[in-house]
Amino acid sequence: MSRFSGGLAALAIGIVFGLFILVPIGAVLLESVRVQRPVAPAEMRARTVAALDLMEADRRAAVVTRWVQTLNPRQRMEVTAATLAALGLLVTWDRQAAFDEQIVAATGAVERLTPEQRTRFEAEFPVQTVVVHRRIPLAFQLRDRLDPAEFEALRSGVRTGFGIDHLAAFLTEQRFQRIARNSILLALVTSALTVLIAYALAYAVTRGDLRWPGPVRAAALVPLVSPPVIIAFAIILLFGRQGLITKGLLGDMLGLVNPEQFNVYGFGGVVAAQVLSFLPHAYIVIENVLSQHDGRLEEAAVSQGATSSQVFRHVTLPMTMPGVTRALLLVAILSMTDFGNPLVIGRDYPVLAGAIYDEILGFQNKPLAAALCLWLMVPTIGAYWLAERIGRRRRHAAVGGTGGPPELLMEPALRGALSVFSGLVVAFVALLYLTVVYGSFTRVWGIDFSLTLEHYLFDPSLDTGLQAERGIPTVWTSIKIAAVAAPIGGVLSLLVAYLAERVRPPGAEALAFLALLPAILPGVILGIGYLIFFNAPFGFVDLAITGTAAILIVNVLFANLYVGVLAGRAALQRLDAATDEAASVLGATMVQSFRLVTLPMLRRTLVLSMLYVFIHGLTTLSAVIFLVSPDHKLASVGVFLNAEASHYGLACSTSVVILATVLVALSVGRAVDRPSRRTGVRQQLQVEALPAAATAR
Amino acid sequence: MTRLSLRNISKSFGDVRAVDNVSLEVAAGEFVTLVGGSGCGKTTLLRIVAGFTRPDAGELLIDGRRVEALAPRERNIGFVFQSYALFPTMTVRGNIGFALRLRRRPKPAIDARVDELCALARIGELAERYPHELSGGQQQRVALARALAPNPSILLLDEPLSALDAKIRIALRAEIRSIVGRAGATAVFVTHDQEEALSMSDRVAVMERGQIVQVGTPMEVYFQPVDAFVADFIGVSNRLSARADGEGKVTVSGRPIGVTASTALSGRSDLTLCIRPEHVALDRPGIKCGLPGRIAARTFMGEIVRVEIDVGIGTPVFADLMSDRWMALDLEVGSDVEWRADPMHARLFSGETAVR
C-alpha cells in the first residue's frame, strides 16, 4: 500500500487534530494552573519609572505634579505608607485602624522624620503616588507606546504565574465539596434508575413479544435527537408552580396539592429530566447486548428445568451484565457532565458542571473553571478506562454466539407487566413532547393560556430583541453552521477510519484516539479550550477566531467526528479488506482507492456520520454555549437560555422547529440511503443507528 | 524467458518462519501451482510476489526487474482473491474496467477490452449486473477477468476455487486454465487441493513449513516424489517401514516384496516404502505369490473400491481395485487375501528424508 501518501495524509490530519483537539485541551490544562499574583513593590516601581521615562520630560513633570495635588487625604496616607516602606523606614502606625486615625498618624510620622530622611521622602513621594494610585491613568496615557503585555502588566499590577491554587481550592473550599457530593449522588441515582428503566424497555422490546414495539423504541430514543433541556422544561411546564398537572389538575381542579409548595426545582426534578434525557444511551447499549447474545442459552436452561425467573437470574442477567455495567458508567458520566438540566430545573441543587458554567459566564474566572474541568475529568476518564476493560473481557465471552432471541413464551403475568410499564413510559414521553408543542402556541404559560402564533412569527419591527437573540431566526444560523460542518466531518472521519483500518501508517491509531478524545472528556472542556486557545492562538491575537462562525463550525465538527470514525472502522472491519488490495494491484493509488472503492462502499456510514454531525450541530449545548457571540447565535443555546429565563413560549417554539428540522434531516438521510440495488443489503437508516457508535465509547 | 524469479526469499512473523529461503523461477506463459497444507507459507509467498507483504530477505524479479521496493500497483500484476473481493458498488463492467479507468484509457478502448474479457470469461450477458446478483462461480469469473484486464505480467491466484461447491469447482478448474491460456498470461496459483494442482498446472511446487520441497511437472511429483511427505501429500500413499539387506533386497516385516534398493540404501533398516493404493494388487489367497493379509474394511467410491488390508504390522495397507474387479473377486470383510506392491511404482526413502 502506498505508505508514503498514507503517512503524509496521517501527518496532515495529525496537525489538524493537534490544532483543533489536542491544543485546546492542553490550553485548559495550562489555564487550570495559571494564577495571578501581585507584583512585588520594588518591581512595580521599576516598571512605573520605566513607563514614566517614555514621556517627554516637561509633560511628565506637569502630569505628576497634577497627580500629586489631586490625591485625597486617604490616598495621600496610603502613598505615605508606601513611600516609607520603599525607603526602608518603619511604618509606625496601625494600618488596620480607621482611615481618619491613620491620616493623622501618617502626617505625624512624616513630621518626625530627620531632615535627611525628609529629603529622600520628598523625592520618592511623587514616584510612589504614581505607583500606588495613578498607575492606571499612566498606562492608558502611554497605551500607544507600550506593547500589549507591558500595558497589561502596568495596568493590572499583577503577574501571571503557575500554581495549583485553583486545583487545591476544589479540595479545600466547602462549597465545592458540597457540589461534588451533589454531582456524585445525582450520577448514582440517575444511572441506576435510567438503566433499570432501559433494561425493562429493552427486555420488553426484544423478548416481551409486545404488540407495538415501535412506539416503545421511539419513546426511548427520541430524546437523543431532541434539542437540549427539552425534557427539563417540559417537566416544569407540567409539574412546576404554574404546571398544568400540579396547578391545573391536582391543585385547582382536585385540590389535592398546593402548587406553591410543590417544588420541582431540585434533586427530584433533575433526576427525572436526566433519566429521560439519557434513556436512549442506556437503551441502545442494553438492547444491543440483549439482541446479540444467543437465545439458545435460555432455551437450554429451560430444557434443564429452569423457571423463567431462574433463567433470567442465571442466564440472561449474567450474560447481559457487561452491557448493564457499561450503560451504568455511560449514564453516570453523562449525568456528571450535564449542566443543561441542572441549571434549568435544579437551581436548588448545585452540581459541578453547573459550577463550571457559572465560573466562566458568571464570574469570568477561567482558571478556576479550567481547574474544575480537570477535576471533572477524573471520574470521566476513570469510567472510560473501566468501560474499555469490560469491553475487552466481553469480547472473549461472546465468541461463538450465533445470536437470535430464544423462542420461548414469556409468562403472561410478566408479559402483561412489561407491556403496561412500556405503555406508561410511552404515554409519559408523548405527554412531555405534546406539552412542548402546546406550549409553543400558548401566550404565557400558567397565566394566559390563549393560543397564539407569536412565538413563531418573527417581526423585526415588534421584536424586543428576544426573538432575534434566542428565537426562530437562530435556527437558521444553526442549520447553516451544521450544514457546513457535516460534510467535512463525514469525509474526514471516514478518512481517519480508512487510515486506521487499511493503510495503517505510523500513528494512525493515535489519530483515531485523538478523534475519540472529545467524546471521552466532558463536553465543556472543548468549549472552554476553544474559548481560551482561539482567543489568541499561540499568542497571536490576529489569528483569533472567537466570535466568528468558524469557531462554531470547527467545534461542532471536531466534537462529533468520533462517531464517524468509530462507525467507519466498524464498517471497514466487516468489509473485505481484499477489495482494497484488489484496487491497489489494479493500479489505484491510496487516494483513488479511498475515493473510488472504499467511500462508495461506506456510503451508508458516510450519510450516518454526516447526519450525526448535523443533528448534533442543532442540538448540542455543552461546548458551543461558551462560543456563541452576538453575531452568531445557535438555536440550541437559545432554547437553553430561554428555558433558564422562563421564556417558555420561545423555548418551546424553537425546540419544535429544531425537532422538525432534525426529523426532516433524518428522512432526507433515509431517502438518500434507500435500499440500494448496489450492495444488495437492505439498508435502512434508523435513528438509533446514530449513536450506536457513540455509546460504544 | 523468465517472467518471475524468486531468489532466497524469507519472511518471518514473530518466531514463525512463514517463508524460509525459497527460490523459484516461472517462465513466461507458464502456469505454476504452489500447493501445500494450511500454514505451509504458500499464501504468504504469493502475497510477497504481489507486494502486500514485504519479505525479510531475498530478491524478487519480474521480467528481470527488481521489484521488492515497489508498491503492488507498480508491479503490473493481477490478483484473484479467495473471497473474490469484487467492488460491491460497481457493476461487472465497472469492476473489469476499473484498472483501465485508473490508467485513463479512452472510454471506447475500455469498453472494447471489457467486452473482450467478458467474452473470454463467458460473462457477456452479466456485464450490467452488480456482484451480489451473481452466483459464486460467476463472481469468480468476473474476478478473473478483472485481474486480466490490464494485461498483467503475472496473474496471481489465491485459492480462487475454495469458496465454491465441489461440482462448480471442478468445472471452473478447466475454465480458469483455458481463460488464462487463451489470455496468454503467466500464472502462479495457490491451492491446498492436490487434485487442483495436478490437473491445472504446467509445474507444481510442493511447499512444506515455508520451504519448497519439490518442483516438477504434475507427473513428476506424482510418480517420482522426492520424499515420503510429497508422496503422501500428492495423492494417497501407503507408508510401510522397510529394511534392505546387503544386496538391496527389501523386506516389509521380514517378508520380501520384490523391490530392490539402490546401493546407497542397501543394508539400512530405517527405510520407508511408499506405494499408492492403485499400485497394490490384491487376490484370493493361494492364487499368486504374495504377502498374506485380511480385509479389515472396504469403501465403495464409485468406479473403484478402496480396500483396507490388515497385514499384521499395525498400519493397514490400502489397495484400490476397479469396482468390477472387486465384484469378480467376490471377497468380503474378514476374508483372507494375498497382496503385492508393484515394484515399478514402489518408492523407497531413507529415514532422514522421510519427513515426519
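Thresholds applied
Position labels on residues start from 1 in each chain and follow its written sequence. For naming, the first written chain is A and the first written ligand is 1, with later ones following in the order written. With the structure being a predicted model, the display of local features is reserved for residues of pLDDT at least 70 and the display and counting of side-chain atom pairs for 80 or more, all residues being used for whole-chain, interface and lining totals. The basis for every side-chain value is the complete set of non-hydrogen atoms in the structure, without hydrogens or water. In this text, helices come from DSSP runs of H or I with a minimum length of four residues, and strands from runs of E with a minimum of two, each type numbered from the N-terminal end. Partly exposed residues are those whose accessible area sits between 20% and 50% of the maximum for their type, while under 20% is buried and over 50% is exposed, using a 1.4 Å probe and protein chains only. Between two residues, a contact is recorded if the distance between any of their heavy atoms is within 4.5 Å. By the counting rule applied here, Lys and Arg register as positive and Asp and Glu as negative, while His and the ends of each chain are not counted. We put the charge of a Lys on NZ, of an Arg on CZ, of an Asp on CG and of a Glu on CD. Geometry is summarised by axes, namely lines fitted to C-alpha atoms with helices restricted to the contacting stretch, and by angles between N-to-C directions that run from 0 to 180 degrees. Crossing chirality is assigned from the near helix's rotation relative to the far helix, an anticlockwise turn below a right angle marking it left-handed and a clockwise turn marking it right-handed. In the scheme used here, Gly and all other residues not listed as nonpolar or charged are polar, with Ala, Val, Leu, Ile, Met, Phe, Trp, Tyr, Cys and Pro taken as nonpolar and Asp, Glu, Lys and Arg as charged. Remark: nonpolar core denotes a set of buried residues (Ala, Val, Leu, Ile, Met, Phe, Trp, Tyr, Cys) joined through side-chain atoms within 4.5 Å. What counts as a domain boundary in this text is fixed by an automatic or database domain assignment. By buried area we mean how much accessible surface two parts lose on assembly, using a 1.4 Å probe and totalling the loss over both. We define a salt bridge as a side-chain nitrogen of Lys or Arg found within 4 Å of a carboxyl oxygen belonging to Asp or Glu. Here a polar contact means two N or O atoms within 3.5 Å. Within protein one must be a hydrogen donor candidate and the other an acceptor candidate, and residues neighboring in sequence count only if both atoms are side-chain atoms. Expected span of a helix: the number of residues minus one, times 1.5 Å. In this scheme, the bend at a residue equals the angle between the axes fitted to the seven residues that finish there and the seven that begin there. Here a Phe, Tyr or Trp ring, Trp counted by its six-membered ring, pairs with any other such ring whose centre lies within 6.5 Å, and the pair is stacked when the planes are under 30 degrees apart, edge-to-face when over 60, and tilted otherwise. The predictor reports its confidence for every residue as pLDDT, a score running from 0 up to 100. Like charges within 9 Å and nonpolar side chains (Val, Leu, Ile, Met, Phe, Trp, Tyr) within 5 Å are joined into patches, using only residues over 30% in relative accessible area that form no salt bridge. To measure how exposed things are, a 1.4 Å probe is used in the Shrake-Rupley method; for residues, cover is taken only from the protein chains shown. Whether two strands pair comes down to DSSP finding at least two bridges between them.

A look at the overall build of chain A
Next up, step 1: What chain A contains, in helices and strands, is 30 helices and four strands.
Next up, step 2: With respect to the three principal axes, the spread of C-alpha positions in chain A is 110 × 80 × 55 Å.
Next up, step 3: Taking all 697 residues of chain A together, 53% fall into the buried category.
Next up, step 4: Of the contacts made within chain A by residues no fewer than 6 positions apart, 78% connect residues no fewer than 24 positions apart.
Next up, step 5: Put simply, chain A has 56 plus and 48 minus side-chain charges, and the middle of one group is 6 Å from the middle of the other.

Considerations on the packing of helix α22 (residues 472–503) of chain A against helix α23 (residues 508–520) of chain A
Residues and elements named next belong to chain A.
Next up, step 1: At a minimum axis distance of 8 Å, the contact between α22 and α23 shows a crossing angle of 145°. Our pair here, α22 against α23, has a crossing hand that is left-handed. Every residue of α23 that contacts α22 at V496, L499 and A500 is listed here: A508, E509, L511 and A512.
Next up, step 2: Of the residues belonging to the contact of α22 with α23, the class tally is six nonpolar, no polar and one charged.

A word on the environment of V114 of chain B
All names here are of chain B.
Next up, step 1: Secondary-structure assignment places V114 in helix α3 (residues 107–120).
Next up, step 2: Along the primary structure V114 and E338 are separated by 224 residues, whereas in three dimensions their C-alpha atoms are 61 Å apart.
Next up, step 3: Not counting residues up to four positions away in its chain, the partners in contact with V114 are R93, I96 and G97.

Section: the nonpolar core
Next up, step 1: One finds F17, F233, F339, I528, Y530, F558 and F640 of chain A to be the most contacted residues of the largest nonpolar core, which totals 167 residues.
Next up, step 2: The dominant element in this core, judged by the number of residues it contributes, is α22 of chain A, at 15 residues.
Next up, step 3: Split by domain, the residues of this core number at least three in each of domain 1 (2–32 + 466–696) and domain 3 (169–439) of chain A.
Next up, step 4: Ignoring sequence-local partners within four residues, the contact set of F558 of chain A consists of V16, F17, F20, I21, L492, P518 and Y530 of chain A.
Next up, step 5: The next biggest cluster of nonpolar side chains, apart from the first, holds 42 residues, and it includes A582 and A588 of chain A together with V32 and V190 of chain B.

Details of the interface of chain A and chain B
Next up, step 1: Taken residue by residue, the interface counts 23 residues in chain A and 27 residues in chain B.
Next up, step 2: Contact between chain A and chain B buries roughly 2,300 Å² in total, counting both sides, with carbon and sulfur atoms accounting for 62%.
Next up, step 3: Summed over the shared surface of chain A and chain B, the number is one salt bridge.
Next up, step 4: At the boundary of chain A with chain B, the tally comes to six residue pairs in polar contact (both at pLDDT 80 or more).
Next up, step 5: For the side of chain A that touches chain B, the elements supplying multiple residues, two or more each, are α26 (578–585) and α27 (590–601) of chain A.

Quick notes on the side chain of T83 of chain A
Next up, step 1: Mapped onto the elements of the fold, T83 of chain A is located in helix α4 (residues 73–86).
Next up, step 2: With residues up to four places along the chain from it excluded, the contact list for T83 of chain A reads F121, E124, F125 and Q128 of chain A.

A look at α23 of chain A
Residues and elements named next belong to chain A.
Next up, step 1: Taking 1.5 Å of rise per residue, 13 residues should cover 18 Å, and α23 covers 18 Å from first to last C-alpha, within 8% of that figure.
Next up, step 2: Maximum bend of α23: about 25°, positioned at L514, with proline P518 one to four residues after it.
Next up, step 3: Within α23, 10 of the 13 residues are buried, which leaves the element mostly enclosed by the surrounding structure.
Next up, step 4: Among the residues of α23, those classed as buried are A508, L511, A512, L514, A515, L516, L517, P518, A519 and I520.

What about helix α20 (residues 412–440) of chain A?
Residue and element names in this part refer to chain A.
Next up, step 1: For α20, built from 29 residues, the straight-helix expectation of 42 Å at 1.5 Å per residue is met to within 8% by its first-to-last C-alpha distance of 42 Å.
Next up, step 2: Taken residue by residue, α20 has L418, S422, V425, V429, L432, Y433, T435, V436, G439 and S440 as its buried positions.
Next up, step 3: Where α20 is buried, its residues meet α10 (174–207), α11 (213–221), α12 (230–239), α14 (267–292), β3 (442–444) and α30 (648–672).

Observations concerning the packing of aromatic side chains
All names here are of chain A.
Next up, step 1: Enumeration over the complete set of coordinates arrives at 33 aromatic pairs over all chains.
Next up, step 2: Arranged with centres 6.3 Å apart and planes meeting at 25°, the rings of Y199 and Y203 form a pair that is stacked. With Y199 and Y203 both in helix α10 and four residues apart, the pair spans about one turn of that helix. One exposure class covers both Y199 and Y203, and it is buried.

Here we look at the confidence of the model for chain A
Residues and elements named next belong to chain A.
Next up, step 1: Per-residue confidence for chain A gives a mean pLDDT of 84; residues scoring 70 or more make up 91%.
Next up, step 2: α10 holds the highest mean pLDDT among the elements of chain A, 93, whereas helix α21 (residues 466–470) holds the lowest, 67.
Next up, step 3: Below a pLDDT of 50 lies the segment residues 394–402, which in the model reaches five contacts outside its immediate sequence neighbourhood of four places, other chains included.
Next up, step 4: Here residues 679–697 scores under 50 on pLDDT; set against residues more than four positions off or in separate chains, the count is 56 contacts.

Quick look at a nonpolar patch on the surface
Residue and element names in this part refer to chain A.
Next up, step 1: Taken together, the side chains of L244, V437, Y438, F441, F449, L451, L453 and L457 make up a nonpolar region of the molecular surface, amounting to roughly 690 Å² of accessible area.
Next up, step 2: Take L453: it is sitting in the loop between β4 (448–451) and α21.
Next up, step 3: Under the relative-accessibility criterion, L453 is labelled partly exposed at 47%.

Considerations on the domain arrangement of chain A
Residues and elements named next belong to chain A.
Next up, step 1: As far as domains go, chain A holds domain 1 (2–32 + 466–696), domain 2 (37–162) and domain 3 (169–439).
Next up, step 2: The partner domain 3 presents 44 residues to the 43 residues of domain 1 that form the contact.
Next up, step 3: Carbon and sulfur atoms make up 79% of the area that domain 1 and domain 3 hide from each other, which totals about 3,700 Å².
Next up, step 4: Inspection of the domain 1/domain 3 interface yields zero salt bridges.
Next up, step 5: Between the two partners, domain 1 and domain 3, sit zero residue pairs in polar contact (both at pLDDT 80 or more).

Observations regarding the sheet that holds strand β17 (residues 304–310) of chain B
Residues and elements named next belong to chain B.
Next up, step 1: Read across the open sheet, the five strands follow the order β15-β19-β16-β17-β18; overall the sheet is antiparallel. Each having just a single partner strand, β15 (280–283) and β18 (317–322) make up the two edges of the open sheet. Strand-to-strand twist across the sheet, computed as the mean angle between neighbouring axes with direction ignored, equals 45°.
Next up, step 2: Note: strand β16 (residues 291–300) against strand β19 (residues 336–341), four bridges, orientation antiparallel. The partner of P292 across the bridge, within β19, is E338.

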